[in-house]
Protein chains: 4
Amino acid sequence: MTQSPEELVEAAQNWWSTDIIDIHPGKIGVRGYPIEQLIGRISFPQMIWLMLRGELPSADQASLLEAALVASVDHGPHAPSIAISRMSVTCGLPLNGAMASAINVLDDVHGGAGQQCMELYRDIDAELTEHGHGPDAPLAEADAVAAASTVWARWNERGVKYAPGFGHRFHPLDPRAPRLLGLVDDLAAKGEVSGRFATIGRAVEEAISAGRSRRVPMNIDGATAVIYSELGFAPELGRGIFILSRSVGILAHAWEQTNQGGRIKGPMTPKIPYRYTGEPRRDLPDADPSGTEGRFFSFHSAAAPSDPTDTESA
Amino acid sequence: MTQSPEELVEAAQNWWSTDIIDIHPGKIGVRGYPIEQLIGRISFPQMIWLMLRGELPSADQASLLEAALVASVDHGPHAPSIAISRMSVTCGLPLNGAMASAINVLDDVHGGAGQQCMELYRDIDAELTEHGHGPDAPLAEADAVAAASTVWARWNERGVKYAPGFGHRFHPLDPRAPRLLGLVDDLAAKGEVSGRFATIGRAVEEAISAGRSRRVPMNIDGATAVIYSELGFAPELGRGIFILSRSVGILAHAWEQTNQGGRIKGPMTPKIPYRYTGEPRRDLPDADPSGTEGRFFSFHSAAAPSDPTDTESA
Amino acid sequence: MTQSPEELVEAAQNWWSTDIIDIHPGKIGVRGYPIEQLIGRISFPQMIWLMLRGELPSADQASLLEAALVASVDHGPHAPSIAISRMSVTCGLPLNGAMASAINVLDDVHGGAGQQCMELYRDIDAELTEHGHGPDAPLAEADAVAAASTVWARWNERGVKYAPGFGHRFHPLDPRAPRLLGLVDDLAAKGEVSGRFATIGRAVEEAISAGRSRRVPMNIDGATAVIYSELGFAPELGRGIFILSRSVGILAHAWEQTNQGGRIKGPMTPKIPYRYTGEPRRDLPDADPSGTEGRFFSFHSAAAPSDPTDTESA
Amino acid sequence: MTQSPEELVEAAQNWWSTDIIDIHPGKIGVRGYPIEQLIGRISFPQMIWLMLRGELPSADQASLLEAALVASVDHGPHAPSIAISRMSVTCGLPLNGAMASAINVLDDVHGGAGQQCMELYRDIDAELTEHGHGPDAPLAEADAVAAASTVWARWNERGVKYAPGFGHRFHPLDPRAPRLLGLVDDLAAKGEVSGRFATIGRAVEEAISAGRSRRVPMNIDGATAVIYSELGFAPELGRGIFILSRSVGILAHAWEQTNQGGRIKGPMTPKIPYRYTGEPRRDLPDADPSGTEGRFFSFHSAAAPSDPTDTESA
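Within every chain, residues take consecutive numbers counted from 1 along the sequence as written. Going through the entries in the order they are written, you letter the chains from A and number the ligands from 1. Thresholds applied to this predicted model are a pLDDT of at least 70 for local features of residues and 80 or more for the giving and counting of side-chain atom pairs; totals over whole chains, interfaces and linings are not thresholded and use all residues. Values shown for side chains rest on all heavy atoms present in the structure; no hydrogens or waters enter the calculation.

Bringing the overall build of chain A into the picture now. Strands are runs of DSSP state E lasting at least 2 residues, helices are runs of H or I lasting at least 4, and numbering of each runs from the N terminus. Scanning chain A for helices and strands turns up 14 helices and five strands. C-alpha atoms of chain A, sized along the principal axes, occupy 85 × 70 × 55 Å. The contact rule is simple, with two residues in contact once any of their heavy atoms fall within 4.5 Å. Of all intrachain contacts in chain A linking residues separated by at least 6 positions in sequence, the fraction that spans at least 24 positions is 69%. Per-residue accessibility takes into account occlusion by the displayed protein chains alone, with areas from the Shrake-Rupley method and a 1.4 Å probe. A total of about 11,700 Å² of accessible surface is found on chain A, and carbon and sulfur atoms cover 50% of it.

Structure (structure tokens):
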């Protein structure tokens, strides 16, 4: 039961084990490649892919990933992540701290739509495969729409009301989505990606718009979900890569705010007060002298200060 | 559709509305009470309760909450939250930053057992009420064990393997649990709390230990879950209050590390290397000259640097 | 040079060493005290003190610390920390995440005034001691004011414009400050604290108000700085303890927002747009065909999409 | 003094103003460019530059930035940022949370060397300019070394002991540095960058190695500081861009840990205990019955639990 020092050192080493990076004095290998061979020869998106997947992507795969990275960098100060980044620097945080507080909120609701959309596509992909429309043959649009309707009905029953990746509270048509989808189509035409998830994505739009007077168009999250799915990323990495992209906007806004200055900047100009909706002003009761000694602590015997505002407000 | 400036200002004010605090020049009211009446007259746990619940607790309620707050402050540097706090200060973070990075990880797995245990108790409470054993009458132990078994079997089917709040990978008996439960019993005897959740908690221990050679005893999370449930807190606040408590340990360790010094302190002494388990060292292939211009970026025509370690290692 | 497995295990153990907590199966000792003896017998502020300082405070010391903890819990949704906490939950974060993003911003500007004020008091304390007014004798008000003026002039020269802990952009008189100072006076009268820092704090108010038409009164940070200094805490812990207090407000607002609902809630109602002050809309130039292949990446040969808004806006 | 609703709405709009992004229904402009024109046509490093600087870089500038982004992605699990990322996911955090806790620690000590090195270079640049060696003429190595010695001596006097960006506790020669510097030389030869900061960087190495038996070579931070300085970034953005790069490693390790599994993973295997160096086990004294009622709180009259471990350990 007790372990020898040798076994303990072995256990300590194993506690931290990784396939990603190998470091020795003067030598750094990333996924096996000497770092000095990678620097200046592969692109940043290729490095992102290598780190996450273990092997290098083709040029076309990297280009598609790059387009998605470019597309999602920012959506302005009304986005909580961006606002938090800006507010943070006015509190004294350096860029790392501002980025941390902001990236943290890219959670299920604010940063998770892409991941959820990838899960939706994956369910539809599985539904299709199960019914004989596997990835080996081209996918007919009608089959995709039928599967999308089935799966979406199932999600609906489970309580999901809005299809993640579709519709936008602000944009009638998100200008990023058709552009991204067009790039997927280009690569599908070249045979570099299958195009299966572009078909599935469009089928979801068809399925959820059926019977509505207004189409519910694919948005940025739906389009990047097509791209990440085409490229074989796991849904969780849909969120992870989105964060790498949005980090650029978070940094740029933190930096702009640093230059604008401002101290302890709240969400609204202090000229507009917030709304208090709670209890009206009331006095703290005296501690009950009978048996509740503990209720108020040691200072309680001191005379309670009278409310200095009573006269004022009278 | 377009709104008047008056309506917009109204909307801005409503955007931030709260029952908690009312502030005017020279006046601060917390849940209606003038702040200067609260200072020095109510205890910190009473203030915590007032902020979270809207009204003041009795002395006994506050004492029970206080005992739980005292119990959970720390579990040493093997806890990731504590280790992260210490590592953070060696990276240059001030105390606020160290606390933020550490508190962040008190998530479902590391900080959520208490909340999950409260949900388990609540399910058992509902099961009992549904079968005629509502909160108005004393709860018989046998009824509680039967309901606990039923509910636990249901959780098991849903895939939950370990009862949150019970068992400990380190302590055969967690010394905090019986002490906390004893305090609940004292107040139940005085009629200050119902004792219903203490009975339910013990019933869970009974139910999950049935048929095992070794009992699975209630741990700190199971015991504080009893307390928070007795006091009427929502399960989410079980996690919230735990964080207020553990923050003390996180701060104390950050401060101790500040005084110990150390820079960029990793998880283990650098004398013990981590284990690399990935691809062996390999050369980056040259870019394919035919039609894949994009594969490696603009510097790719430069001769690839030879691996300087090849000779060394040869 | 190479170390034996025994030495490595020793080094690993030493890597994480602490005076704070000792844990063995079934035994938890905090600063030497068995945890089950502390639970239910010491107050939460006493536990905070024990964790940070190593020994238990007297009842009066704990009461004074408690008053400061009660005083600082909240300052409403215009405070960035509180706003961030509320925005975070609308992004999907659980309470731990909301608290982390919010606590993180309690940095030099938003959470550091108390710490800076303690440093100011400490400088004045040292100035006094150096000129023969050490802590062993009662401190005359005039001596304190003289030293405060000297030290403040020095800070001014170093570029500090506003005395940390004095004045308030909102409150003409912060109602928390005189109440806290009164509690210090009570304990000084009892001989439980020296009262030296209360005198120093008041002397700063005198010194910085000299020659002004309106007094610059001590605020909450100046008053808690008096308390923490009287109690012997290091300036950094002034910030640390403030965070423990403000965490309560951060949690309460996160919880209120959870119950209010709302998704991806930005800083202002979306009805009020932010102000764009940058470059007017412009077309991306085509890549220069001569020798700048690398400028735009692989898709660049595709015809640039025309700006779909051109017609609209024409 | 009181403002009209129109003025308040105006103030609210101005509260959030930005040069970065302009958003209207169906239209998103980044620094004036329609987003759909940027997607698929500019690279991710070009987008990073556009967001931070306001205009697009040349292809060569973007390539140099890209090389630096590729170089800094990871330095293995002994780096606190990477370890924290991995520990975080074992606590239940999704990728955004793990990244936030980790990025937060890229502060002055762990993530600030590049920024500090840029400040050092900038000081030397100013020293040179002041002495007639401005940026308009080529910089002689000897002049650079003289200025570097002067400035470094000044930093030394101010208490800086180690030159940020030089030397490495692990690598005798950091394999990333010469490769990055070589890329700068290539572009300087083409006239795309001035090469001034490469000369300054090498001069620092010369100056700080003078009189030492072993050279203190430029490391990754010193080399990326050369690049960011050549490209005209502010020192703070040296840290900011480093974070964009290291985020990739933080994400990749979080993802690998997600797949490895593990729960509440501390810094070391639990088989190796940490070292307790504090007070030996001791009993909590009884509350002093005379006049110190407040010392221990309401439960204190209950008999103190005897230390259950006393017998054990006896």
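Time to look at the relation of the copies chain A and chain D. For these two chain copies, the linking operation is a rotation about an axis paired with a shift along it. Overlaying chain A on chain D yields an RMSD of 0.0 Å, the required transformation being a rotation through 180 degrees with an accompanying axial translation of 0.0 Å. One copy is carried onto the other by what is essentially a two-fold rotation axis. Ranked by how close their C-alpha atoms come to the rotation axis, the residues of chain A are headed by Ala100(A), at 2.1 Å. An overlap of 100% is found between the interface residues of chain A and their copies at the interface of chain D, pointing to a shared contact surface. Our superposition of the copies is a least-squares fit, built on the C-alpha atoms of residues whose pLDDT is at least 70 in both.

Here we come to the sheet that holds strand β4 (residues 33-34) of chain A. Residue and element names in this part refer to chain A. Between any two strands, pairing holds if DSSP finds at least two bridges. Strand order across the open sheet formed by three strands is β2-β3-β4, with antiparallel pairing between neighbours. Each of the sheet's edge strands pairs with one partner strand only, and the pair in question is β2 (21-24) and β4. Here strand β3 (residues 27-30) pairs with β4 via two bridges, running antiparallel. Within the sheet, the bridge partner assigned to Gly29 lies in β4 and is Pro34.

This part is about the pairing of strand β2 (residues 21-24) of chain B. Within a regular strand, the side chains alternate between the two sheet faces. Residue and element names in this part refer to chain B. Burial status follows relative accessibility: with a 1.4 Å probe on protein chains alone, a residue under 20% of its type maximum counts as buried, one over 50% as exposed, and anything between as partly exposed. By the alternation rule, side chains of β2 split into Ile21 and Ile23, which are all buried, and Asp22 and His24, of which none is buried. Across four bridges, the pairing between β2 and strand β3 (residues 27-30) is antiparallel. The partner of His24 across the bridge, within β3, is Lys27. Where β2 folds back on β3, the antiparallel hairpin that results is connected by two residues, among which Gly26 adopts a positive phi of roughly 80 degrees.

Our next topic: the interface of chain A and chain D. Across the boundary between the two partners, chain A contributes 90 residues, which contact 90 residues of chain D. What gets called buried area is simply the loss in accessible area from a 1.4 Å probe that two parts show on being joined, summed for both. Roughly 7,700 Å² of surface becomes buried between chain A and chain D when both sides are summed, with 76% attributable to carbon and sulfur atoms. Should a side-chain nitrogen of Lys or Arg be within 4 Å of a carboxyl oxygen of Asp or Glu, the pair is scored as a salt bridge. Here chain A is connected to chain D by zero salt bridges. We call two N or O atoms a polar contact when they sit within 3.5 Å, provided that within protein one can donate a hydrogen and the other can accept it, with sequence-adjacent residues counted only if both atoms are side-chain atoms. Counting across the chain A and chain D interface gives 30 residue pairs in polar contact (both at pLDDT 80 or more). Among the elements that make up the side of chain A that touches chain D, the one with the highest residue count is helix α13 (residues 235-260) of chain A (17 residues). In terms of residue class, the side of chain A that touches chain D is made up of 53 nonpolar, 21 polar and 16 charged. Residue classes follow a fixed rule: Ala, Val, Leu, Ile, Met, Phe, Trp, Tyr, Cys and Pro count as nonpolar, while Asp, Glu, Lys and Arg count as charged, and any other residue, Gly among them, counts as polar.

Next up on the list: the packing of aromatic side chains. The relative placement of two aromatic rings is captured by the distance of their centres and the angle of their planes. Ring pairs shown here join Phe, Tyr and Trp side chains whose ring centres sit within 6.5 Å, with only the six-membered ring taken for Trp; geometry is labelled stacked below 30 degrees between planes, edge-to-face above 60, and tilted in between. Tallying each qualifying case throughout the model produces ten aromatic pairs over all chains. Judged by centre distance (6.3 Å) and plane angle (85 degrees), the rings of Tyr228(A) and Phe233(A) are edge-to-face. Like Tyr228(A), the residue Phe233(A) is buried in the burial classification. Charges are assigned to positions over rings by a cutoff of 6 Å between ring centre and Lys NZ or Arg CZ, combined with an angular limit of 35 degrees from the ring normal. Residue placement shows Lys265(C) over the ring face of Trp16(B); its charged tip is 5.1 Å from the ring centre.

Let us look at the packing of helix α10 (residues 176-189) of chain A against helix α12 (residues 220-230) of chain A. Residues and elements named next belong to chain A. As a rule, the C-alpha atoms of each element are fitted with a line to give its axis, helices using only the stretch in contact, and angles between N-to-C directions run from 0 to 180 degrees. Here α10 crosses α12 at 20 degrees, and the two axes come no closer than 8 Å. When the axes of α10 and α12 are compared, the pair comes out roughly parallel. When you trace α10 past α12, the crossing you get is left-handed. Side by side, α10 and α12 meet where Arg176, Ala177, Leu180, Leu181 and Val184 of the first sit next to Ile220, Ala223, Thr224, Val226, Ile227 and Glu230 of the second. Classifying every residue of the contact of α10 with α12 by side-chain character gives eight nonpolar, one polar and two charged. Just so you know how the angles are binned, under 35 degrees is roughly parallel, over 145 roughly antiparallel, 65 to 115 roughly perpendicular, and the rest oblique. The crossing is said to be left-handed when, going from far helix to near helix, the turn is anticlockwise and less than a right angle, and right-handed when the turn is clockwise.

A separate point is the pattern of salt bridges. Where charged atoms of side chains with opposite charge meet at close range, the side chains can pair. All names here are of chain D. Counting across every chain of the model gives 56 salt bridges over all chains. The shortest N-O distance in the salt bridge between Arg196 and Asp125 comes to 2.7 Å. Taken together, the residues span a long stretch of sequence, with Arg196 in helix α11 (residues 196-209) and Asp125 in helix α8 (residues 113-130) at a distance of 71 residues. We classify Arg196 as buried; its relative accessible area is 6%.

Moving on, we get to helix α3 (residues 44-53) of chain A. All names here are of chain A. The element α3 is largely enclosed, with a buried count of nine among its ten residues. Within α3, the full set of buried residues consists of Phe44, Pro45, Gln46, Met47, Ile48, Trp49, Leu50, Met51 and Leu52. Among the residues trailing α3, Gly54 stands out with phi positive, at a value near 100 degrees.

All names here are of chain C. Taken N-terminus to C-terminus, the directions of helix α8 (residues 113-130) and helix α13 (residues 235-260) make an angle of 150 degrees; their axes are 7 Å apart at the nearest point. Relative to α13, the element α8 lies roughly antiparallel. The crossing of α8 and α13 is right-handed. Of α13, the residues touching α8 (which contributes Gln115, Met118, Glu119 and Arg122) are Pro235, Glu236, Gly238 and Arg239. Of the residues assigned to the contact of α8 with α13, the class counts are two nonpolar, two polar and four charged.

Right, let's get into a negative patch on the surface. Within the patch definition used here, like charges are joined within 9 Å and nonpolar side chains (Val, Leu, Ile, Met, Phe, Trp, Tyr) within 5 Å, considering only residues with over 30% relative accessible area and no salt bridge. Neither His nor the chain ends contribute to the count of charged residues, in which Lys and Arg are positive and Asp and Glu negative. Each charge is placed at NZ for Lys, CZ for Arg, CG for Asp and CD for Glu. Together, Glu6(A), Glu7(A), Glu6(C) and Glu7(C) make up a negatively charged patch on the protein surface. Counting residues per element, the ones that place at least two in the negative patch are α1 (5-15) of chain A together with α1 (5-15) of chain C. Mapped onto the elements of the fold, Glu7(A) is located in helix α1. Judged by its relative accessible area of 41%, Glu7(A) falls in the partly exposed class.

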